Amino acid sequence: MATETNKAVELSTKAKAYNGIDRNAWIFGWNPQQELWNGRLAMIGFISYVLWDLAGYSLVRDVLHLVR
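Residues numbered from 1 in each chain as written. Predicted model: local features only at pLDDT ≥ 70, side-chain atom pairs only at ≥ 80, totals over all residues. Heavy atoms only, no water.

1. Here we look at the overall build of the chain
Heads up, the rule is: For the purposes of this entry, the term helix denotes a DSSP run of H or I that reaches at least four residues, the term strand denotes a run of E that reaches at least two, and both are numbered from the N terminus. Computed by Shrake-Rupley with a 1.4 Å probe, the accessible areas treat only the displayed protein chains as cover when residues are assessed.
When its secondary structure is counted, the chain shows 2 helices and 0 strands. For the chain, the computed accessible surface area is about 6,700 Å², with 65% contributed by carbon and sulfur atoms.

Set out below in structure tokens:
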């Protein structure tokens, strides 16, 4: 029976992206960091609209009433 020793694992405080820079950094331009921020902001916008719609203020419903 082999015994394994617990080795201390050094964890980085920064999560590295493909270009070796902190993936949460706000860097201007076309890079992996901006793709992450774009997705995060899109999710916030989508959830905000769903909550707004559930509260009774539906932009889609209002536009469809104008079309009729």
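Back to the text.
2. Examining the side chain of Ser58
The condition is simple: Here a polar contact is taken to be a pair of N or O atoms separated by no more than 3.5 Å, where protein atoms must pair a possible hydrogen donor with a possible acceptor and residues adjacent in sequence count only if both atoms sit in side chains. Contacts were defined at the residue level, with two residues in contact if any of their heavy atoms lie within 4.5 Å.
Following the sequence through the fold, Ser58 ends up in the loop between helix 1 (32–54) and helix 2 (59–67). Within the structure, Ser58 has its side chain in polar contact with the side chain of Asp53 (distance 2.8 Å). Look past the residues within four positions of Ser58 in its chain and what remains in contact with it is Tyr49 and Asp53.

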